[in-house]
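Summary of structural features
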Amino acid sequence: MHNRFAVIKLWENTVSAEDENISRLVSAARELNLECVPVDRNYRLICDKSIIADEDNFDFVIHLHFDSSKINNLFSFVALWNPIQFYHEWGYRKYSDALLTHDDYLSCSSTGADRHLRRLIHDDPYHLIPEFTLYHSLAAPIFEPKKGARKKLFYCGINWDRLGKKKGRHTDLLQYFDAKGLVDIYGPAILQGVKVWEGFSGYRGEVPFDGVSMVNKIHESGIALVLSSMAHIDSELMSNRLFESLAAGANIICDQNQFARRHFGDLFHYIDTNEPLSEQCRQIERYLSDINENPEKAYALAKEAQNLFLQKFELKQSLQRIYARLEERKNRLRGMYAMDTTRCIKVCYLCGDGADNIPYNLRGNSAGNIENFICCAENQKDTFHNVLQKDNTRYLPLKENGKFGSAIANFLSMVHKNDFFAIVLPNELILRDHFSKLAYVMNVDKYDCVYSQILIALPERGNNHIPWYSYNVSDIKSLGNFLFSGTILSPDVVSTPIDLDTMFAHFLFLSARNSQPVKSFTCISKNPDELNLVNEKDINVIHDMHRWASIRFNNPNIYTDKTGYIKKKLIFLKRYPLIWRFMRNIQQKFFLN
């Protein structure tokens, strides 16, 4: 154990509630003699971009948002902190898939978020439902609830309707209590050049996202208005404000979010924001009066709620539980796809101009039944001197013309019917246990081909890693994500790669009679479109054996009939009547009904 973990900071040039969560993780870790280090989405330390967090210097990494993917062999947690509605708004498939790139999950006891995950990992041999929890919580400061002092409402937020947005759900409510001098309002003073809280006499200013100041302000006011968005209510998910208020020792007035009732019951005061405004105001005024007129009762409720928070939701406890059972959890996850088999997995690594990925790929995929072949030019052989000393690694010569076809045919000739085999392109990074995971499914279900999905790394976008699903043969962008059975290798299949330039994956995939995708993103392809894998010559060769495969039609990069291509796209649009009607006048120029 390194007693050190990383946390992803996605938006480096902005200040947000994420900074508050990261600051609190850093502080809580320090109290436990651990180190929490903020890193960017590429796992580079924020304080020193020359250092990358990996398994050699960290125990794990925590992703706080679905907009980042696992990118190396460092054990990766993702916190299930986002309501389901957010996935639909941002891009449901893309960001749901991003969850599957991670090793494990941290629940915040949201029924909606947990239910979403259970659907995603249904029949998944690589993931388990969460064992650990991580809430939008904190470890300090913790304030004793107030006794005797008159309390006011606390609210922090953004007055969106001042920016021309639709009126905020709570604007009229806040105006009512502001007019009575019963609420302290915090939030940004100016947003997009607009004074968003102008006219509110109870506006007290901005609160820095430093992990501490918000709790101080809530404690000063004494009564927290904890009002969730409808997205959070629907997912029964609570964000920062509830846990800040509990740490502040405040009495809490909460909406109909069932998380609060489920965990805190009658220790909170509740309103239903679906009720008319007058009824909401009446309820809150009654709660204010009761709290201030019965200070002993109010203190007892706040203290019991705070004790429950410290027992179940306090941040240090979450970190302690993770560290106490981390190795056991890792072993349990790896045991899901452990395979006691004598079947050999033969892997051919193709070397391009560089060979930086290959040692990393070998290190993470070193099971005893894997036999490696390094395919490179003679002048590159010395690069792999140490690797080639190992009993399970062999050199495979690449001809001077630099084409891989003959070398692949040579490799395939050494694969036996009882073997599994894979070929890895020069631009591909293969994550830990990739081949063992695929072989487990292949061995259990007797497929000819099993393939993971891929992450596409785009350096021009700051190495953003985008989940990519491909069920269409023409859209194949990789090779290393496939594991094939040696049973597909007839003499004609073995010899055909000699006549191919790039489309080896397409050919082998079509040669497999039954293939199965798995819910895994353990292959990273760096800028695959630059390789130009699809070409007219290879399609013709492949069609000699697989005429039924409609590769040409599905790839617009080699589509020559532009009118026909447009026609097909317009037919696709007809599936959406509203868009079709809107575009009909334009379409008539290109499409004959």
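Heads up: these notes are all about the structure in this document.

Rules and cut-offs
- Residues numbered from 1 in each chain as written.
- Predicted model: local features only at pLDDT ≥ 70, side-chain atom pairs only at ≥ 80, totals over all residues.
- Heavy atoms only, no water.
- Pairing = 2+ DSSP bridges.
- Helix = DSSP H or I, 4+ residues; strand = E, 2+ residues; numbered from the N terminus.
- Phe/Tyr/Trp six-rings, centres within 6.5 Å; stacked < 30°, edge-to-face > 60°.
- Lys NZ or Arg CZ within 6 Å of the ring centre and 35° of its normal.
- Axes fitted to C-alpha atoms, helices over the stretch in contact; angles between N-to-C directions.
- Contact = heavy atoms within 4.5 Å.
- Buried < 20%, exposed > 50% of the residue type's maximum accessible area, 1.4 Å probe, protein only.

All right, on to the pairing of strand β27 (residues 523-526) then. As a general feature of sheets, a regular strand has side chains that alternate between the two faces. With three bridges joining them, strand β21 (residues 428-430) and β27 adopt antiparallel strand pairing. Across the sheet, residue L429 finds its bridge partner in β27, namely I524.

On to the sheet that holds strand β10 (residues 183-186), then. By way of backbone hydrogen bonds, the strands of a sheet pair with one another, either parallel or antiparallel. The strand order β13-β10-β9-β14-β15-β16 describes an open sheet built from six strands, whose pairing is parallel. Strand pairing shows two members of the sheet lacking a second neighbour, β13 (203-205) and β16 (269-270), which therefore form its edges. Summarising the sheet, strand β9 (residues 152-156) and β10 pair through four bridges and their orientation is parallel. Across the sheet, the residue bridging to C156 is Y186, located in β10.

For the structure shown, the criterion picks out 32 aromatic pairs. Ring centres of F66 and W90 lie 5.3 Å apart, and the angle between their planes is 90 degrees; this geometry places the pair in the edge-to-face category. Of this pair, F66 sits in the loop between β5 (60-63) and β6 (76-79) while W90 sits in helix α2 (residues 84-90), and the two are 24 residues apart along the sequence. Connected via pairs of aromatic rings, a cluster forms that spans Y135, F243, F259, F264, F268, Y270, F309 and F313. One cation-aromatic arrangement involves R261 over Y270; the distance from NZ or CZ to the ring centre is 3.9 Å. Across from the ring centre of Y126, 5.5 Å away, lies the NZ or CZ of K437, which sits over that ring.

Turning our attention to the sheet that holds strand β17 (residues 345-350). With mixed pairing, the seven strands of this open sheet are ordered in space as β19-β18-β17-β20-β25-β22-β26. Single-partner strands in this sheet number two, and they are β19 (393-397) and β26 (515-517). Ignoring strand direction, the axes of neighbouring strands in this sheet form an average angle of 20 degrees. As paired elements, strand β20 (residues 420-424) and strand β25 (residues 482-485) share two bridges and run antiparallel to each other. Among the inter-strand pairings, F421 is bridged to a residue of β25, identified as F484. Those strands touched by helix α13 (residues 357-364) are β17, β18 (370-376) and β20, and its axis lies near 165 degrees from that of β17. Across the sheet, helix α16 (residues 434-445) touches β17, β18, β20, β22 (449-451) and β25, and the angle it forms with β25 is around 40 degrees.

In this section: the pairing of β5. Alternating positions in β5 separate into two faces, F60 and I62 on one and V61 and H63 on the other, with burial throughout. Summarising the sheet, strand β1 (residues 4-8) and β5 pair through three bridges and their orientation is parallel. Looking at the pairing, A6 lines up with V61 of β5. In this sheet, β6 lies alongside β5 in parallel orientation, the contact comprising three bridges. Across the sheet, residue I62 finds its bridge partner in β6, namely F77.

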